[in-house]
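Listed here are the chains, written in short residue letters.
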Amino acid sequence: MERVKTQVEDIERSIYDITDTAHESYQVEKGLTEAIVREISASKNEPQWMLKQRLLSLEQFRKMKLPDWGPSLEELDMDQIVTYVRPKAQMSDDWKTLPDDIRGTFDRLGISKSEQDALSGVGAQYDSEVVYHSIKEYLKKQGVIYVDMDTAVQEYEEIVKANFMKLLPPNEHKFMALHGAVWSGGSFVYVPEGVEVDMPLQSYFRLNAPGAGQFEHTLIICDKGSKVHFIEGCSAPRYNVLNLHAGGVELYVREGATLRYSTIENWSKNMLNLNSKRAKVDKNGTIEWVSGTFGSHITMLYPTSVLSGENARSEYTGVSFANEGQFLDTGTKVIHAAPNTSSTISSKSISKNGGNATYRSAVSIKPNAKNSKCSVVCESLMMDRKSRSDTIPVMDVRNDTVDIGHEAKIGRISDESIFYLMSRGLNEEEAKALIVRGFVEPVTKELPLEYAVEMNQLIGLELEGTIG
Amino acid sequence: MKLTHINQLQMPTWRWLKINEAEPVVGLAGNYNKTLQIQNGEKLQIDHQLPVIDDSQLPKDLRRNLVFTSKNASVGRTITIGENIKLKEPVILDFEMDDKNTALFDLIRINAKTGSEATLVLRYTSKSKRSCFHSGFTYLEVEAGAKIKLIMAQMLSPADRNAGAVAATVGEAAAAEVLLGELGSAQTTGSCNIELEGNLSHADLDGIYIGTGEQKQDFNYRIGFHGKDTEGNITVKGALAGNAKKVMKSTIDFITGASGAKGREEETVLTLSDRVINLSAPLLLCGEDNVEGEHATSTGKPDEAKLYYLMSRGFSEKEARRLIVEASFTPLMRKVEPQPLQEEWREWIQGVMHSDA
């Protein structure tokens, strides 16, 4: 009998690939020099400490080498990257005031509609600057701050200064240093003690300019006992030159607070996505990472949880879909640095048509993290032998009162599962569809309905023939 | 005399974890002039020349082990098990270091011809008041239809240093069972690489380690799946006490074309002290869709309920912990032969538990 492969459709990208005619109002020269860093800082009228921080980061960037692990980044030529592109739009809290094509882009991506239906606030970044930012009035009255980072640096300077790049030290790796030198845009969120934000906040990052980099910075502080869900979305049209994304996300989860940080990343396949995300979680606090990685040429992304307070908790739920020409190296790091901390990691990946999906993780249990627990489950689906799927987990345990379990599985859809479902009355196609939907369900179920639908649309599934 | 860049993780990861390769092994000067005693080797063909090993298929880091051992070799043998020869009794190669023989470099090639069956035991001990050093490379070729069990018993003294490596290739419908007992020495780097080249070939790579005092151990185990319908399992049981540090890298590697392959790796670690350092990296690498691969790792102290039960039956806490560790090792200990060696391991583990756990 001829064996026919299970088919998984490519992601439908037509909406994302529309390029805008809007040209930038200003951009720096290609490459990375001290003059460019000073120019970016001056154009934002930044305080001296921020310029100093940028220059220190630049120095680190020059000293550091590209990572000698993971996918090769040799094709990245910083001399060809434009690190700052200012769009032809002023920051606004009214979609109507934006230029038609920029507004049209965000309309097509469904951002403005989502704002009306399901969000507490929206930030929209276009190239290097935030062009739209708003928050519901009743949240403002409760003291919730949701502004673009440039505004935060000016209006909340002391808070920003105390926390900025403290979780992402520029000497840690080359792309943290790069981010520290040329960051622009992004969002600042402060949720006061005891305030629970009932609907999510969302920032959407759109990179339109070819050969450009986007380096937005997200800084979120959840004060004691507060709760918020923050959603980050990213996309860009496809060009035949490399684009670079090296954003930075710093999350402070204070005592008893809960922060869910969800990302649906759908960069175009000419993008190097080298993002850095880290959360520090205090006593009884919770960080929940929900991560869907679909786009980009190369992604290296490992959201990190530092569980620094007793009973702090982290959850990571991630799915990645690697197609032709994609190398998605994703995963997470968890540092258990206090007693009774706990973490769960659930990772799923699908590799297809020559795509390469790597799950990489590090779980570090420090000597003082007594009675800590960690559970890791990762599963990979291989759709053909042109593709690759690798699992590279490391556990570093330094006390004897821990409970760590790690399980991983790799393979294709099993015949037994199909037969079982068919014995329960489903036809073969329904059975296959159910299994693949079930495979990514741990992530979709963690998203608000609107986003779960979007993600299901991203993974269009077409199943035919027998599994083979 | 230094052996560097060995036990490398096949796919490196973050440098800060310090797991990508083992710490350098510093060799100790000395020699080994004893004649190698081989028990039950009457039916074997034994060549006393230093074996020449084709290293073209070996991972880079393992080549370094080979070169290091070859250059300094004090013992070299090629052991051939003839076609369809089936040995009932284990063949035992006994290496014992003492005050006059403090540095052993042994290069052993075992060629199991088609249809042969045998168990080989390489036993390393030391009875010296001085620190001894061992570097060994064992190359196992299991030809079509052959079944070979290789038991490596490393029982060196607490002041010794050890760098042992095993490389194996397994032919069509052949089976290799490699059992590594890493019980002694102050510093150990141990590696084992098995390539399942033939269709329907099979490998079990089992490891037992116990770390106590200030012991440092770095292990790198891998099974590469090349042939169709191959099956391979890595099973490791360990216990760590005192200030011991252990790094375990284990890799299941499905090469494109290994259709129908099944691979499993599992490590169970019992930690008996809050000062131990325990790193594990169970890699699952896959370039073929029609495979089944899985790994599982669990780390923790002995189960409280089991401890309580045993103590309620009159055992002291120390005894109860020893029994739990022994029970954890039992599935692999049962594979150790001959019986006296199994008893020797059991006593060794009991002794270590008695003194340190």
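Treat the numbers as computed from the prediction; the structure is a model and nothing was measured.

Q: Before we go on, may I ask you to explain the overall build of chain A in this structure?
A: Along its length, chain A carries twelve helices and 25 strands. Looking at the 468 residues of chain A, the share that counts as buried comes to 56%. Partitioning the intrachain contacts of chain A with sequence separation of at least 6 by distance along the chain shows that 84% fall at a separation of at least 24.

Q: What's the story with the interface of chain A and chain B in this structure? I'm lost.
A: When the parts of a complex come together, some accessible area is lost, and that lost area is often taken as the interface size. Taken residue by residue, the interface counts 35 residues in chain A and 37 residues in chain B. Those elements that provide at least two residues to the side of chain A that touches chain B are strand 22 (356–365), strand 23 (373–382), strand 24 (388–397) and strand 25 (403–411) of chain A. No other element matches strand 24 of chain A, which puts ten residues into the side of chain A that touches chain B. For the side of chain A that touches chain B, the per-class residue count stands at 14 nonpolar, eight polar and 13 charged.

Q: Where do I start with the nonpolar core in this structure?
A: Side chains of a nonpolar character, in soluble globular proteins, are inclined to be buried together. Leu259(A), Ala176(B), Val178(B) and Ile194(B) are the most contacted members of the largest nonpolar core, which totals 217 residues. The two domains that each donate at least three residues to this core are domain 1 (14–301) and domain 2 (413–468) of chain A. Sequence-distant contacts of Val178(B), that is, excluding residues within four places in its chain, are made with Leu150(B), Val166(B), Ala168(B), Cys192(B), Ile194(B) and Leu205(B). Counting residues in each nonpolar core, the second largest holds six residues, with Leu3(B), Ile6(B), Phe68(B) and Ala163(B) among its members.

Q: Help me out: how do you make sense of the environment of Tyr126(A) in this one?
A: Residue placement: Tyr126(A) occurs in strand 3 (residues 121–126). Other than its neighbours up to four places away in sequence, Tyr126(A) contacts Pro87(A), Ala89(A), Ile102(A), Val131(A), Arg206(A) and Asn208(A).

Q: Explain the environment of Val52(B) to me, please; I cannot follow it from the model alone.
A: Residues and elements named next belong to chain B. With respect to the helices, strands and loops of the structure, Val 52 is situated in the loop between strand 4 (45–47) and helix 1 (60–71). Taking the C-beta count within 10 Å as the criterion, Val 52 has 11 such neighbours and is therefore assigned exposed. For the pair Val 52 and Glu 317, spaced 265 residues apart in the sequence, the C-alpha separation amounts to 52 Å.

Q: How should the pairing of strand 20 (residues 327–336) of chain A be read in this particular structure?
A: Put simply, side chains in a regular strand alternate between the two faces of the sheet. Residue and element names in this part refer to chain A. Extensive coverage of strand 20 is indicated by the burial of nine of its ten residues. Summarising the sheet, strand 17 (residues 298–301) and strand 20 pair through four bridges and their orientation is parallel. Paired with Ile 298 across the two strands is Phe 327, which belongs to strand 20. Inspection of the sheet shows strand 18 (residues 304–307) paired to strand 20 by four bridges, in the parallel sense. Of the residues in strand 20, the one forming a bridge with Thr 304 is Lys 333.

Q: Just to check I follow, could you spell out the pairing of strand 15 (residues 216–225) of chain B for this structure?
A: Residues and elements named next belong to chain B. With respect to burial, strand 15 is a largely interior element, nine of its ten residues being buried. In this structure, strand 13 (residues 187–196) lies alongside strand 15, joined through ten bridges in parallel fashion. Following the sheet pairing, Gln 187 is matched in strand 15 by Lys 216. Two elements, strand 15 and strand 17 (residues 245–254), share ten bridges in a ladder whose sense is parallel. Each bridged residue has a counterpart across the sheet, and for Asp 218 the counterpart in strand 17 is Val 247.

Q: Please clarify how the packing of helix 3 (residues 48–63) of chain A against helix 9 (residues 174–182) of chain A should be interpreted in this entry.
A: The relative placement of two packed helices is expressed as an angle between their axes plus a distance between the axes. All names here are of chain A. One can describe the packing of helix 3 onto helix 9 by two numbers: an axis separation of 7 Å at closest approach and a directional angle of 150 degrees. Between helix 3 and helix 9, the angle falls in the class roughly antiparallel. Like other packed secondary-structure pairs, helix 3 and helix 9 cross with a definite hand, here left-handed. When helix 3 is examined against helix 9, the residues Gln 53, Arg 54, Ser 57, Leu 58, Gln 60 and Phe 61 are found in contact with a partner set consisting of Lys 174, Ala 177, Leu 178, Gly 180 and Ala 181. For the contact of helix 3 with helix 9, the residue count by class is five nonpolar, four polar and two charged.

Q: Please clarify how the confidence of the model for chain A should be interpreted in this entry.
A: Low-confidence regions, as indicated by low pLDDT, have predicted coordinates that should not be scrutinised in detail. All names here are of chain A. Confidence along chain A averages 85 in pLDDT terms, with 87% of residues attaining 70 or more. The model gives residues 1–8 a pLDDT under 50, and that stretch makes 22 contacts with residues more than four places away or in other chains. Predicted confidence for residues 461–468 stays below pLDDT 50, and this span has 25 contacts to residues more than four positions away or in other chains.

Q: Looking at this structure, how should I read the packing of helix 2 (residues 304–312) of chain B against helix 3 (residues 317–333) of chain B?
A: Residue and element names in this part refer to chain B. Taken N-terminus to C-terminus, the directions of helix 2 and helix 3 make an angle of 125 degrees; their axes are 9 Å apart at the nearest point. By the angle between their directions, the pair helix 2 and helix 3 is classed as oblique. Crossing handedness for the pair helix 2 and helix 3: right-handed. Between helix 2 and helix 3, the residues in contact are Lys 306, Leu 307, Leu 310 and Met 311 and Glu 317, Ala 320, Arg 321, Leu 323 and Ile 324, respectively. The class makeup of the residues in the contact of helix 2 with helix 3 is six nonpolar, no polar and three charged.

Conventions and cut-offs
Residues numbered from 1 in each chain as written. Chains lettered and ligands numbered in written order. Predicted model: local features only at pLDDT ≥ 70, side-chain atom pairs only at ≥ 80, totals over all residues. Helix = DSSP H or I, 4+ residues; strand = E, 2+ residues; numbered from the N terminus. Buried ≥ 20, exposed ≤ 12 C-beta atoms within 10 Å, placed from the backbone. Contact = placed C-beta atoms within 7 Å. Nonpolar A, V, L, I, M, F, W, Y, C, P; charged D, E, K, R; others polar. Core = buried A, V, L, I, M, F, W, Y, C linked by C-beta atoms within 7 Å. Domains from an automatic or database assignment. Pairing = 2+ DSSP bridges. Axes fitted to C-alpha atoms, helices over the stretch in contact; angles between N-to-C directions. Parallel < 35°, antiparallel > 145°, perpendicular 65-115°, else oblique. Left-handed = near helix turned anticlockwise from the far one by under 90°. pLDDT = per-residue confidence, 0-100.

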